[in-house]
Amino acid sequence: TAEKAALKDIEDHLDTMPIWTQIVSDRERFRGLGPTMAAVIFAECDIARQDTVSKMWSFAGLRPMPFKRCAACGVEIAVEEVDGILHYTHPALKAKAACGLYGQIGVDRSKETPLLDENVTEGHKAARPVRGQKLAYNAFLRTKLIGVLGPCLLKANSPWRKFYDDYKARKLAAGWGQSDGHRHNAAVRYMIKMLLVEIHREWRTIEGLPV
């Protein structure tokens with residue numbers, strides 16, 4: 001009874017929001033995005049402050065995070081700045097990991113074979129919690145978008161599923177990803193990001209804010 005009353009309260013509040021009544025309540029265009037999940041997005045996001053969709057992505061934990069990786073094997077490497085100079089540490093130096101830069105696996109060779117700038121390239125990865133650091137995104141919103149809304153859009157065969165299918169097919173054709181599950185997770189994130197592009201544009205427009 002309490003849950004039904006809470007949902008009714010949410011729906012009553014949504015009825016006062018033009019972004020819901022005029023745009024997102026369209027059951028065909030936004031099939032799979034119901035009032036509860038819409039309320040989560042509207043309640044957590046500040047459309048006035050998030051003047052670009054990239055800020056909304058970042059807040060939701062969907063912005064690709066830059067990192068350094070080994071040019072030879074692609075694994076992420078640790079970076080430490082000392083006196084303005086970057087020092088790189090390859091995991092193969094302290095663990096039994098294979099890499100073309102190191103002939104002997106599992107031996108600590110950090111002093112004799114340092115990584116140089118030419119051995120390092122830029123990469124991007126999904127946002128993840130880092131021990132000892134404050135989260136740079138809204139973990140609650142990210143969990144709801146990826147863990148709840150994503151599966152709902154797929155299950156409802158939403159029009160937004162096309163973004164998922166096309167992205168996953170492109171990654172598979174390019175040989176990208178460690179497994180089908182890896183490609184699935186990336187495709188879900190991409191689908192959600194494209195949905196947020198539309199919501200951000202429509203929401204800013206209906207509130208009279210520049211897009």
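Scroll up to find the structure.
Residues numbered from 1 in each chain as written. Predicted model: local features only at pLDDT ≥ 70, side-chain atom pairs only at ≥ 80, totals over all residues. Heavy atoms only, no water.

J.: Explain the environment of G177 here, please?
T.: Take G177: it is sitting in the loop between helix 6 (161-173) and helix 7 (180-206). Aside from chain neighbours lying at most four places away, what touches G177 is H182 and R183. (Helix = DSSP H or I, 4+ residues; strand = E, 2+ residues; numbered from the N terminus. Contact = heavy atoms within 4.5 Å.)

J.: Explain the packing of aromatic side chains to me, please; I cannot follow it from the model alone.
T.: Ring pairs (aromatic) are described by centroid distance and by the angle formed between their planes. Inspection of every chain in the model, using the stated rule, returns five aromatic pairs. Between the aromatic rings of F42 and W203, the centroid separation amounts to 5.1 Å while the plane-to-plane angle is 65°, which identifies the pairing as edge-to-face. Residue F42 is found in helix 3 (residues 35-44), and its partner W203 is found in helix 7; the two are separated by 161 residues along the sequence. You'll find F42 and W203 in the same group, each marked buried. Geometrically, the ring pair formed by Y167 and Y190 is stacked, given 4.5 Å between the ring centres and 20° between the ring planes. With a gap of 23 residues between them, Y167 in helix 6 and Y190 in helix 7 connect regions that are remote in the sequence. Taken together, the ring pairs in this structure connect F30, W160, F163, Y167 and Y190 into an aromatic cluster. The ring of W57 carries the charged tip of K193 above its face, separated from the ring centre by 4.4 Å. (Phe/Tyr/Trp six-rings, centres within 6.5 Å; stacked < 30°, edge-to-face > 60°. Buried < 20%, exposed > 50% of the residue type's maximum accessible area, 1.4 Å probe, protein only. Lys NZ or Arg CZ within 6 Å of the ring centre and 35° of its normal.)

J.: Got a minute to help me understand the environment of D117 in this structure?
T.: Relative to the helices and strands, D117 resides in the loop between strand 3 (85-89) and strand 4 (120-125). By relative accessible area, which is 54% here, D117 ends up exposed. Through-space distance from the C-alpha of D117 to that of L86 is 8.8 Å; in sequence the pair is 31 residues apart.

J.: Before we go on, may I ask you to explain the nonpolar core in this structure?
T.: Residues V24, L33, F42, L145 and L149 are the most contacted members of the largest nonpolar core, which totals 39 residues. Elements with a contribution of two residues or more to this core: helix 2 (18-24), helix 3, helix 4 (53-59), helix 5 (139-155), helix 6 and helix 7. Counting residues per element, this core draws most heavily on helix 7, which supplies ten residues. Excluding its chain neighbours within four sequence positions, the residues that come into contact with L33 are V24, R27, A38, I41, L149, L153, L195 and I199. (Core = buried A, V, L, I, M, F, W, Y, C linked by side-chain atoms within 4.5 Å.)

J.: Where do I start with unusual backbone geometry in this structure?
T.: Leave glycine aside and you will find that most residues have negative phi; peptide bonds, for their part, are mostly trans. Phi at N157 takes a positive value of approximately 50°, unusual for a residue other than glycine. Along the chain, the position of N157 falls in the loop between helix 5 and helix 6.

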